[in-house]
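Architecture at a glance
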Amino acid sequence: MSRNKLLIVLLGSSLLAGCAADYLNNYDTMTLASGDSQKANELLQTVDPYNPASNNTKIEGDGARSVGVVQKYKIPPTPSSAPATNMTVNVGQAGASTPLN
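Residues numbered from 1 in each chain as written. Predicted model: local features only at pLDDT ≥ 70, side-chain atom pairs only at ≥ 80, totals over all residues. Heavy atoms only, no water.

Turning next to the overall build of the protein chain. When its secondary structure is counted, the protein chain shows 3 helices and 0 strands. Secondary structure of the protein chain in N-to-C order comes out as α-α-α. By residue count, 0% of the 101 residues in the protein chain fall in the buried class. Counting only carbon and sulfur atoms, one obtains 59% of the accessible surface of the protein chain, whose full area is about 10800 Å². (Helix = DSSP H or I, 4+ residues; strand = E, 2+ residues; numbered from the N terminus. Buried < 20%, exposed > 50% of the residue type's maximum accessible area, 1.4 Å probe, protein only. Areas by Shrake-Rupley, 256 points an atom, 1.4 Å probe, with all protein chains shown as cover.)

In structure tokens form, the structure reads like this:
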């Protein structure tokens, strides 16, 4: 009878010990980002944090070239315009000949 009680106590304690494993993953230690509060507050109070070049609204580009690129992707190429590939595929051992039945 005492052996069954011991078995029940061990089983119950092992089940409860499994719940404590998640609690042990929470550490009360410093992180790698600690100490950056001064820099974070400085960035929050910056008047214009963006790059000055981002105000340039004149984007250089060629409209005709852009239209050509868009049409190239909209219209699929014809099969005759596909380039021929010079490819040799060797299957099997070199010089070996096996008769086909």
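Having seen the structure, we can now continue with the description.
This paragraph deals with a nonpolar patch on the surface. There is a patch of nonpolar side chains on the surface, built from Met87, Val89 and Val91 and spanning about 380 Å² of accessible area. Mapped onto the secondary structure, Val89 falls in the segment after helix H3 (63-74). (Patch = residues over 30% accessible without salt bridge, like charges linked within 9 Å, V, L, I, M, F, W, Y side chains within 5 Å. Salt bridge = Lys/Arg side-chain N within 4 Å of Asp/Glu carboxyl O.)

As a note on interpretation, predicted positions should not be read in detail where pLDDT is low. For the protein chain, the mean per-residue pLDDT works out to 75, and 66% of the residues sit at or above 70. Mean pLDDT in the protein chain bottoms out at helix H1 (residues 2-23), which sits at 78, and peaks at H3, which reaches 88. (pLDDT = per-residue confidence, 0-100.)

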